[in-house]
Each structure stands twice: as C-alpha cells, then as structure tokens.
Amino acid sequence: MNINHINKEVIEQIRNGSEKAFSGLYSAYYSYLNAVALCYLLDKSCSAEIVDDVFVNIWNKRETLSYPIHYYLVRSVQNGCLNYIRMQRAQQNVLDEHKDQMLAFQENYIQSTPVPLQYVEMRQAEEEIRSAVNQLPLKCRQVFEEYFYAGKEVDVIAHDMGLTVSTVRVQLKNATDRLKPALKHLLFLFLY
C-alpha cells in the first residue's frame, strides 16, 4: 500500500481496530516519515524511534483519528523531533556554546521550515490547479489568470480586455465557482 491509497475508509477501519489497515498505513508512511525525521535530526536510529513512537501513539489513540491524516502524521513527527531536541538540551548539564546554538538552530528550523518533501507535494498541487484553470472557458480563464497570476486590479483587467468591471467580476465569480469543486481535495493545504 502507498500513501495515495490511504483514504477515509482505511482511517475508519483503523478507528474500528483493524490491524491490517493499520499495517497498511504503517507500510505506506514509514519510509516517508523517516525521511522527514532524518531531515531534522540527521540520525537514522533516533529518526526511526520517533516514527515508531508516532505509530504507537496513533494505534493507542486510533478512536480519535480523522481523515486526512497526512499532515497530522508529519506534524506528529516534527513534534517528536522537537521533543527529542528539547530533551537532549535538558539532559546536558553543561552545553558548550556551539552545541547549544546548533540545537537552537534545529529547533527553529523545525518550527519555521516546511518539510523538504512538501515542496514536491506543493508542485503536484500547483500542477493540479493549473490543469483545472486550463479547463475554464477561454474568457473566464483569461480574466482569472490576469487577476490571480498577474495580480491586476479588476478595473485594469476590464480596460485591457475591453470589458465592463461587472463582467470581469462575474467572470471571476464563475471561475472560482467552477474551480471549488474541482480542487476541493486541495483545500486542506491552505488550512495548515
């Protein structure tokens, strides 16, 4: 099973205690989540331990799982890495200045930087959005692109295209109405 096969049904099966569905989730995400942790900790064994802890926690709290789970898993790994770094800092009686600075840098990096693998996912989302925009009727697409991609004001678009301002607004509304159903599965990207 791969990440793309993890859907609502799989999550519902896990919530109901299906070890087989949980095993599928584990095998689909284990390598990915290890790569995420490794980006932050640069230690294979610590990364694997954090990912294992995330899955143990998922199983123990399976009744509360909800779909989509992707960003929850990623955030859980990030939090596990943060907790590990903080624990390392607390256990050291005397940190030399350079090690302390490195741990602070890693902590700030985890909190402020998207997961490197998310860049690939965002590119895929951009391609889906571009494809959906290309399906719009010609005039509607042109108005949409001028407004959202070129950043032009409604009155400038109206002037450049020889349209009325109200026509431009109607075209923008039509574009967004058509794009919402086609791209509703991507809305969770903008909520995190």
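Please read these numbers as outputs of a predicted model, since none were measured by experiment. By convention here, each chain's residues receive numbers from 1 onward along its written sequence. Two thresholds apply to this predicted model, a pLDDT of at least 70 for residue-level local features and 80 or more for giving and counting side-chain atom pairs, whereas whole-chain, interface and lining totals are computed over all residues. Side-chain figures throughout are based on the complete set of non-hydrogen atoms in the structure, without hydrogens or water.

Trainee: Explain the pattern of salt bridges to me, please; I cannot follow it from the model alone.
Mentor: Any two side chains of opposite charge can pair, given that their charged atoms come close. For this document, the term salt bridge refers to a Lys or Arg side-chain nitrogen within 4 Å of an Asp or Glu carboxyl oxygen. Under the criterion given, the structure shown has 6 salt bridges. A salt bridge links R15 to E12; its shortest N-O distance comes to 4.0 Å. Of this pair, R15 and E12 both sit in helix 1 (residues 8–15), 3 residues apart, which is roughly one turn of that helix. For each residue, the accessible area found with a 1.4 Å probe, counting protein chains only, is set against the maximum for its type, and the residue is called buried under 20%, exposed over 50%, and partly exposed in between. The partly exposed category is assigned to E12, whose relative accessible area is 40%. For the salt bridge of R130 with E145, the shortest nitrogen-to-oxygen distance reads 2.9 Å. Helical segments are the DSSP runs of H or I of at least four residues, strand segments are the runs of E of at least two, and each set is numbered from the N terminus.

Trainee: Which parts of the structure should I look at to understand the environment of D177?
Mentor: Looking at the element boundaries, D177 is found in helix 9 (residues 165–183). Of note is the side chain of D177, whose polar atom sits 2.7 Å from the side chain of K173. Counting of polar contacts relies on pairs of N or O atoms within 3.5 Å, with two restrictions inside protein: one atom must be capable of donating a hydrogen and the other of accepting it, and residues adjacent in sequence are counted only when both atoms are side-chain atoms.

Trainee: Sorry, what's going on with the packing of aromatic side chains here?
Mentor: Any pair of Phe, Tyr and Trp rings, taking the six-membered ring for Trp, is counted once the centres come within 6.5 Å. Such a pair is stacked with planes under 30 degrees apart, edge-to-face with planes over 60 apart, and tilted for the rest. Scanning the model with the defined rule gives 8 aromatic pairs in all. Look at Y29 and Y32: their rings are 6.2 Å apart centre to centre, the planes differ by 85°, and that puts the pair in the edge-to-face class. Taken together, the positions of Y29 and Y32, both in helix 2 (residues 19–41) and 3 residues apart, correspond to about one turn of that helix. Classification of Y29 by relative accessible area gives buried; the value is 2%. Chaining the aromatic ring pairs together yields one cluster made of F22, Y26, Y30, F55 and W59. For a Lys NZ or an Arg CZ to count as sitting over a ring, it must be within 6 Å of the ring centre and within 35 degrees of the ring normal. If you follow R62 out to its NZ or CZ, it ends over the ring of W59, 4.0 Å from the centre.

Trainee: Mind showing me how you'd approach the confidence of the model for the protein chain here?
Mentor: Segments scoring low in pLDDT should not have their predicted coordinates read at a detailed level. The predictor reports its confidence for every residue as pLDDT, a score running from 0 up to 100. Averaged over all residues, the pLDDT of the protein chain is 81; the fraction at 70 or higher stands at 81%. For the protein chain, the element scoring lowest by mean pLDDT is helix 5 (residues 97–112), at 68; helix 8 (residues 154–161) scores highest, at 91. Scored below 50 in pLDDT, residues 188–192 makes 6 contacts in the model with residues more than four places away or belonging to other chains. Any two residues whose heavy atoms approach within 4.5 Å at even a single point are treated as in contact.

Trainee: Honestly, the side chain of Q171 in this entry has me stumped. Any pointers?
Mentor: Here Q171 is to be found in helix 9. In this structure the side chain of Q171 is engaged in a polar contact, spanning 3.4 Å, whose partner is the backbone nitrogen of C140. Beyond its immediate chain neighbours, meaning those up to four positions away, Q171 contacts K139, C140 and V143.

Trainee: It is not clear to me how the environment of K152 should be interpreted in this structure. Could you clarify?
Mentor: Tracing the backbone shows K152 in the loop between helix 7 (138–149) and helix 8. Aside from chain neighbours lying at most four places away, what touches K152 is E146, Y147, I157 and D160. Engagement of the side chain of K152 in a polar contact is seen with the side chain of E146, the distance being 2.7 Å. For K152, the side chain forms a polar contact with the side chain of D160, separated by 3.2 Å.

Trainee: Any chance you could explain the packing of helix 1 against helix 2 here in plain terms?
Mentor: For any two helices packed against each other, one specifies the crossing angle of their axes together with the interaxial distance. Note on method: axes are straight lines fitted to C-alpha atoms, helices fitted across the in-contact stretch only, with angles between N-to-C directions ranging 0 to 180 degrees. Where helix 1 meets helix 2, the closest approach of the two axes is 7 Å, and the angle between their N-to-C directions is 125°. On the basis of their axis angle, the class for helix 1 and helix 2 is oblique. Every pair of crossing elements has a handedness; the one defined by helix 1 and helix 2 is left-handed. Contact with helix 1, carried on its side by V10, Q13 and I14, involves A21, F22 and L25 of helix 2 and no other residues of that element. Residues that form the contact of helix 1 with helix 2 fall into these classes: 5 nonpolar, 1 polar and no charged. Each angle is binned into one of four classes, with values under 35 degrees roughly parallel, values over 145 roughly antiparallel, values of 65 to 115 roughly perpendicular, and all other values oblique. Helix crossings fall into two classes, left-handed where the near helix is turned counterclockwise from the far one by less than a right angle and right-handed where it is turned clockwise. Residue polarity is assigned by list, with Asp, Glu, Lys and Arg as charged and Ala, Val, Leu, Ile, Met, Phe, Trp, Tyr, Cys and Pro as nonpolar; anything else, Gly included, falls into the polar class.

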